[in-house]
Amino acid sequence: MINKLVVENLRFRPVRTMLSILAIGVEVMMLLTIVGLSRGMLADSRERASGIGADIVIRPPGSTVIGMSSAPLSEKYVAWAAAQPHVALAVGSMNYPVSGLTVVTGIDLPQFNRMSGGFRYLSGGPPRAPRDIVVDSYYAQQNDLHVGSNLKLMNTNWRVSGIIEPGKLARIVVPLNVLQELTGSEGKLTQIYVKVDKPADINPVLAHLKKELPGFQIFSMREFISMFSVSNVPGLQAFIAVVIGLSVVVGFLVVFLSMYTAVLERTREIGILKALGASPFYILNILFRETFLVGVLGSAAGIGLSYLSRFLIMTFVPATIPTIIVPDWWPIAAATAIGGALMGAVYPGWRAARQDPIEALSYE
Amino acid sequence: MSNAPIIEARDVRKIYRVGDVDVHALRGVDLSVRRGEFLTLVGPSGSGKSTLFHILGGLTAPTSGHVLVDGRDLSRISDAERTELRKRMVGFVFQKYNLLPTLSAADNIAIARHIARWNGERDEQFERALELLGIADRLHHKPRELSGGEQQRVAIARAIVNHPAILLADEPTGNLDSANSQAVLAIIRDLNERLGQTILMITHDAAVAAYGHRIVRMLDGRICSE
């Protein structure tokens, strides 16, 4: 009976109910999109790193695993690494952030092709002139680029020479020496990729490099890829915690206002229930069940909206902020939203439960 | 009708605080109502009849004095006990019907049972009462789909569904036209005569008051004549 009353109460005021559900839905969607975005970007980085074909990565001392900038590593280490026992190939690369999350990567293309098997060109081909640039299909789609299109980056006009399949190294690639020269980083690199003779050599070579280059960040590729996680990105975990906190506050405020209004609107109905002998707990129970139901429906709406947000992101900005659907976060987001909503119902519920039945019955 | 009183009020006083002023709503009311009696309470606005109604219904406590309903002293019970009392001992019928707008007529009745934790067994007496009320074919309608007379009949059904010791009706025909008023009053009288329901009804209208066995008049917080 009480569930019927709860459902009928929500149905009786459809606009308020829909707005509450939508507000909680947007809250859940924000949460899922932020997490999906973080995970999507990390997954994208992982995929591109694993497409390189290297076995070991060497990064300079003090660098972060997922650093996008700086070229503090001397190029001389490439030749040194290549000369070490059981090392088949070493390739240096340089990352240069140009705007927001967009990074241009410079690489020695012939050496990289030997290591990875080369890019798969969907159209066009590798750079042939000093201002030729290669972009992946996501970046091309997002920026409406084709082979021969002009692209202005780093105050330089580039010509798109080729569009590559995504998932290998980077979205925007130029020859290493061109990028070094443009950024005044001649002889400098961000990292070095190393390929060993055979898989069994990975651990011995890793141990040797760590011994010879103390303080350097040296990882096997498997280890390097596994480090693309939320906890290894500086500030990301804190950022997600802040978003969760904001979601709880939003859920709290939405339901607080909604339930506060509902209690005022339904003063007389609460008086009727009290005249019939409903206890304060009975009244609270009704309001909490209503809030819970709105929270559940809002969470379901939010999960649906997260598909919509992903669709919009992947349609309009697939290269900048790749995002994924995160089903393992659905219960967390729902619990966050419902928890915030229930907290928002506490004060209105308390007010309703404490209402004087005579005053409530005379409320117009 | 039994001679045993079901309601006994002795020197009941109620003082409300309105701003900085004490309002003496009841100034020493003595009243006795026998089981099965149909008593009407008449008096002008401000005479204290609604306050007495609220005290007898367990909606508020008296400031002083004793009120015994079916042997329980309402002046000495807690709010929680007062809530319990309203579940089964008292049934209310209000001038404005006071049905829950979100529920059907049947559910308005059912929720009173749910609140009183009725165990769901078949209730022949209530079924007879529903027949008297003549609303069997309107039970699945929401209050807004019912006429005033039908809404008041549903409210009466809700008030008696838990077989209260007393039925308190506050101006039950105040919002009805004369035909519906007569029908509702006839039903209330039938409930009293056929089912032995004790009824205390408040009214302004002398013609309505005449439906009761006994008329009690109130003025300025006191009973002035019986």
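Quick caveat, the model's predicted, so the values are computed rather than measured.

Asker: Sorry, what's going on with the overall build of chain A here?
Answerer: When you go through chain A residue by residue, the secondary structure sums to 13 helices and 12 strands. For chain A, whose C-alpha radius of gyration is 29 Å, the value lies well above the compact-globule estimate of 21 Å for 364 residues. In terms of overall dimensions, chain A has C-alpha extents of about 90 × 45 × 30 Å along its principal axes. Residues classed as buried in chain A amount to 52% of the 364 residues present. Of all intrachain contacts in chain A linking residues separated by at least 6 positions in sequence, the fraction that spans at least 24 positions is 81%. Of the roughly 16000 Å² that chain A leaves accessible, carbon and sulfur atoms contribute 62%. Here chain A contributes 30 positive and 24 negative side-chain charges, whose respective centroids are spaced 2 Å apart.

Asker: So what exactly am I meant to see when it comes to a nonpolar patch on the surface here?
Answerer: A surface patch of nonpolar side chains, amounting to about 450 Å² of accessible area, comprises Val-15, Leu-19, Leu-22, Val-26 and Met-30 of chain A. Tracing the backbone shows Leu-19 of chain A in helix α2 (residues 14–50).

Asker: Hey, could you run me through the environment of Leu-206 of chain A in this one?
Answerer: Residue and element names in this part refer to chain A. Among the secondary structure elements, Leu-206 is positioned in helix α7 (residues 202–212). Taking the C-alpha atoms as reference, Leu-206 lies 17 Å from Ser-50; in sequence the two are 156 residues apart. Those residues in contact with Leu-206 that sit more than four places away from it in its chain are Ile-56, Ile-218, Phe-219, Ser-220 and Glu-223.

Asker: Can you help me understand the layout of surface pockets in this one?
Answerer: Which parts of space are left empty comes out when a probe the size of a water molecule is rolled across the atoms. Approximately 520 Å³ is the volume attributed to the second largest pocket. In this structure, the second largest pocket is lined by 21 residues; those nearest its centre are Ile-358, Leu-361 and Ser-362 of chain A together with His-54 and Asp-170 of chain B. Among the elements of the structure, α13 (357–361) of chain A together with α1 (49–56) of chain B are those that each provide at least two residues to the lining of the second largest pocket. Considering each element in turn, the lining of the second largest pocket owes the most residues, four residues, to α1 of chain B.

Asker: When you look at the interface of chain B and chain A in this model, what are you seeing that I'm missing?
Answerer: A common way to express how large an interface is: the accessible area buried when the components associate. Listed per partner, the contact involves 24 residues of chain B and 23 residues of chain A. Roughly 2200 Å² of surface becomes buried between chain B and chain A when both sides are summed, with 69% attributable to carbon and sulfur atoms. Between chain B and chain A we count two salt bridges in total. Going through the elements one at a time, α2 (79–88) and α3 (105–115) of chain B are the ones with two or more residues in the side of chain B that touches chain A. Here the element with the most residues in the side of chain B that touches chain A is α3 of chain B; it accounts for six residues. Here the residues of the side of chain B that touches chain A sort into 11 nonpolar, six polar and seven charged.

Asker: How do you make sense of the sheet that holds strand β10 (residues 222–225) of chain B when you look at a structure like this?
Answerer: All names here are of chain B. The strand order across the open sheet built from six strands is β6-β7-β8-β3-β9-β10, with neighbouring strands paired in mixed fashion. Each edge of the open sheet carries a strand with a single partner, namely β6 (90–93) and β10. Between one strand axis and the next, the sheet turns by 25° as a mean value, whatever way the strands run. Where strand β9 (residues 214–219) meets β10, three bridges bridge the pair, whose relative direction is antiparallel. The partner of Arg-217 across the bridge, within β10, is Ser-225.

Asker: Just checking my understanding: could you explain helix α4 (residues 124–133) of chain B for this structure?
Answerer: The periodicity of an α-helix, 3.6 residues per turn, causes residues three or four places apart in sequence to face the same way. Residues and elements named next belong to chain B. Within α4, burial applies to Phe-126, Ala-129, Leu-130 and Leu-133. Burial along α4 is one-sided: seen end-on, the buried residues are contained in an arc of 105°. Exposed positions of α4 whose direction lies more than 90 degrees from the buried face are Glu-124 and Glu-131. Those residues of α4 that are buried are in contact with α3, α5 (148–160) and α6 (178–195). Once α4 ends, the next one or two residues include Gly-134, with phi positive near 65°.

Asker: Would you explain the pairing of strand β6 (residues 132–136) of chain A in this entry?
Answerer: All names here are of chain A. For β6, the buried fraction is high: five of the five residues fall into the buried class. The alternating pattern of β6 places Asp-132, Val-134 and Asp-136 on one face and Ile-133 and Val-135 on the opposite face, and all of these are buried. Sheet analysis places β6 next to strand β8 (residues 156–164), joined by five bridges and oriented parallel. The residue bridging Val-134 from the neighbouring strand is Gly-162, located in β8. As defined by bridge partners, β6 adjoins strand β9 (residues 172–175) across two bridges and the pair is classed as antiparallel. When the sheet's bridge partners are listed, Val-134 is paired in β9 with Val-173.

Asker: I'm lost on the sheet that holds strand β1 (residues 5–18) of chain B in this one. Help?
Answerer: Whether parallel or antiparallel, the strands of a sheet pair through hydrogen bonds between backbone atoms. Residue and element names in this part refer to chain B. Judged by pairing direction, the sheet is antiparallel, and its four strands sit side by side in the order β2-β1-β4-β5 without closing on themselves. Since the sheet does not close on itself, it has two edges, and those belong to β2 (21–34) and β5 (72–73), each with one partner. Direction of pairing for strand β4 (residues 64–69) relative to β5: antiparallel, over a ladder of two bridges. Residue pairing in the sheet places Leu-68 in a bridge with Asp-73 of β5. Sheet contacts for α1: β1, β2 and β4; angle to β2, the most-contacted strand, approximately 65°.

Asker: What is the right way to read the environment of Met-41 of chain A from this model?
Answerer: Residue and element names in this part refer to chain A. If you trace the backbone, Met-41 turns up in helix α2. Overall, Met-41 belongs to the partly exposed group, its relative accessible area being 24%. Once the C-alpha coordinates of Met-41 and Met-314 are considered, the two residues, 273 residues apart in sequence, prove to be 12 Å apart.

Asker: How should the packing of α5 of chain B against α6 of chain B be read in this particular structure?
Answerer: Packed helix pairs are characterised by how far apart their axes lie and by the angle those axes make with each other. All names here are of chain B. The interhelical angle for the contact between α5 and α6, taken along N-to-C directions, is 15°, at an axis separation of 9 Å. Comparing their axes, α6 and α5 come out roughly parallel. Judged by the sense of rotation from one axis to the other, the crossing of α5 with α6 is right-handed. Taken together, the residues of α6 that come into contact with α5 (itself represented by Gly-149, Gln-152, Arg-153, Ile-156 and Ile-160) are Asn-180, Ala-183, Val-184, Ile-187, Ile-188 and Leu-191. For the contact of α5 with α6, the per-class residue count stands at seven nonpolar, three polar and one charged.

Quick notes on the rules
Residues numbered from 1 in each chain as written. Chains lettered and ligands numbered in written order. Predicted model: local features only at pLDDT ≥ 70, side-chain atom pairs only at ≥ 80, totals over all residues. Heavy atoms only, no water. Helix = DSSP H or I, 4+ residues; strand = E, 2+ residues; numbered from the N terminus. Rg over C-alpha atoms; globule rule 2.2 N^0.38 Å. Buried < 20%, exposed > 50% of the residue type's maximum accessible area, 1.4 Å probe, protein only. Contact = heavy atoms within 4.5 Å. Areas by Shrake-Rupley, 256 points an atom, 1.4 Å probe, with all protein chains shown as cover. Lys, Arg positive; Asp, Glu negative; His and termini not counted. Charge placed at Lys NZ, Arg CZ, Asp CG, Glu CD. Patch = residues over 30% accessible without salt bridge, like charges linked within 9 Å, V, L, I, M, F, W, Y side chains within 5 Å. Salt bridge = Lys/Arg side-chain N within 4 Å of Asp/Glu carboxyl O. 1 Å grid on protein atoms, 1.4 Å probe; cavity = no way out; pocket = protein on both sides within 12 Å on 5 of 7 lines; lining within 4 Å. Points joined across faces, edges and corners; volume = space filled by probe spheres on them. Buried area = accessible area lost by both parts, 1.4 Å probe. Nonpolar A, V, L, I, M, F, W, Y, C, P; charged D, E, K, R; others polar. Pairing = 2+ DSSP bridges. Axes fitted to C-alpha atoms, helices over the stretch in contact; angles between N-to-C directions. Arc of directions from axis to C-beta. Parallel < 35°, antiparallel > 145°, perpendicular 65-115°, else oblique. Left-handed = near helix turned anticlockwise from the far one by under 90°.

Geometric values such as these leave the question of function open.
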